[in-house]
Amino acid sequence: MKKWLFFDLGSTLLDESDCTEYRILDMLKQENAPSRTAIVQKMKECAFKGKMPYKDTAREFGLETIQWPTHLEKMYKGVPKILEQLQNKYWLGIIANQSEGTEERLIKFGIRDYFKVILSSAEEGVAKPDLEIYRRALERAECIPENAYMIGDRLDNDIEPAAKLGMSTIWVKQGTFAYTNLDMFCYKPDIIVEHIGEILEYL
């Protein structure tokens, strides 16, 4: 029997580095903005403390925030090949906090057909870390938690809630949440990797 692998999207399969850079540049244009070094360091500090790197950094410096620039998202290198290899051994799904149109974005990136189950917070009306979105995913996959992995970049949204339900977990340390302090969490990831491609060494 195949097991299930559920993926987050942002900073897991989708590279958001250009989005983050876009937001940093916007902050730097604002009056009384600190240096780039100060902004980046504060974002890392916020992530480490379990805060929101962008929003809390902007708040601390008294800067305005802008909407997420979805158009700057791109796939991490090698993602289609990774998914192609994994689908030979596992069923694949998505559990992600996303705005409306998640399936269309997956089609745009050319990876929609790899996933049997797709749950997006906008369409579901419930968002991670609420356990309900995980329960729904497992129910639709007809899978017990012990036969599923959750793979994501955030300890608070991806790793801890999935582990609470009994799922195995893989923390992918990509994006701004890579700096989060692991010691703050009761539930630790089963596997930690530095890049999405490394999951093939364990799965």
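Please read these numbers as outputs of a predicted model, since none were measured by experiment. (Residues numbered from 1 in each chain as written. Predicted model: local features only at pLDDT ≥ 70, side-chain atom pairs only at ≥ 80, totals over all residues. Heavy atoms only, no water.)

Student: Explain the confidence of the model for the protein chain to me, and be specific about the residues and the numbers.
Tutor: Summary statistics for the protein chain give a mean pLDDT of 95 and a share of 99% for residues scoring 70 or more. Per-element mean pLDDT across the protein chain ranges from 92 in helix α6 (residues 121–124) up to 98 in strand β8 (residues 191–193). (pLDDT = per-residue confidence, 0-100. Helix = DSSP H or I, 4+ residues; strand = E, 2+ residues; numbered from the N terminus.)

Student: Describe the environment of M27, naming the residues involved and giving the relevant values.
Tutor: In this fold, M27 is placed in helix α1 (residues 17–29). For M27, a relative accessible area of 0% puts it in the buried group. Residues M27 and Y179 lie 152 residues apart in sequence; the distance between their C-alpha atoms is 21 Å. Each residue touching M27, except ones within four places of it in the same chain, is listed here: A33, I39, M43, Y54, A58 and L63. (Buried < 20%, exposed > 50% of the residue type's maximum accessible area, 1.4 Å probe, protein only. Contact = heavy atoms within 4.5 Å.)

Student: I'd love a proper account of the packing of aromatic side chains, names of residues and values included.
Tutor: All chains considered together, the criterion is met by 3 aromatic pairs. Ring plane angle 15° and centroid distance 5.4 Å describe the contact between W4 and F6, whose orientation is recorded as stacked. Pairing F7 with F115 gives two aromatic rings, centres 6.4 Å apart and planes at 75°, and the pair type is edge-to-face. Pair noted here: F7 is in strand β1 (residues 3–7) and F115 is in the loop between α5 (102–109) and β5 (117–120), with a separation of 108 residues, a long-range link. (Phe/Tyr/Trp six-rings, centres within 6.5 Å; stacked < 30°, edge-to-face > 60°.)

Student: Outline the nonpolar core, supporting the account with residue identities and numerical values.
Tutor: Residues F7, F115, I196 and I199 are the most contacted members of the largest nonpolar core, which totals 28 residues. Sorting the residues of this core by element identifies β1, α4 (79–86), β4 (90–96), α5, β6 (148–152), β7 (168–172) and β8 as the ones contributing at least two each. Listed in part, the 17 residues of the second largest apolar core include V126, A141, A148 and L165. (Core = buried A, V, L, I, M, F, W, Y, C linked by side-chain atoms within 4.5 Å.)

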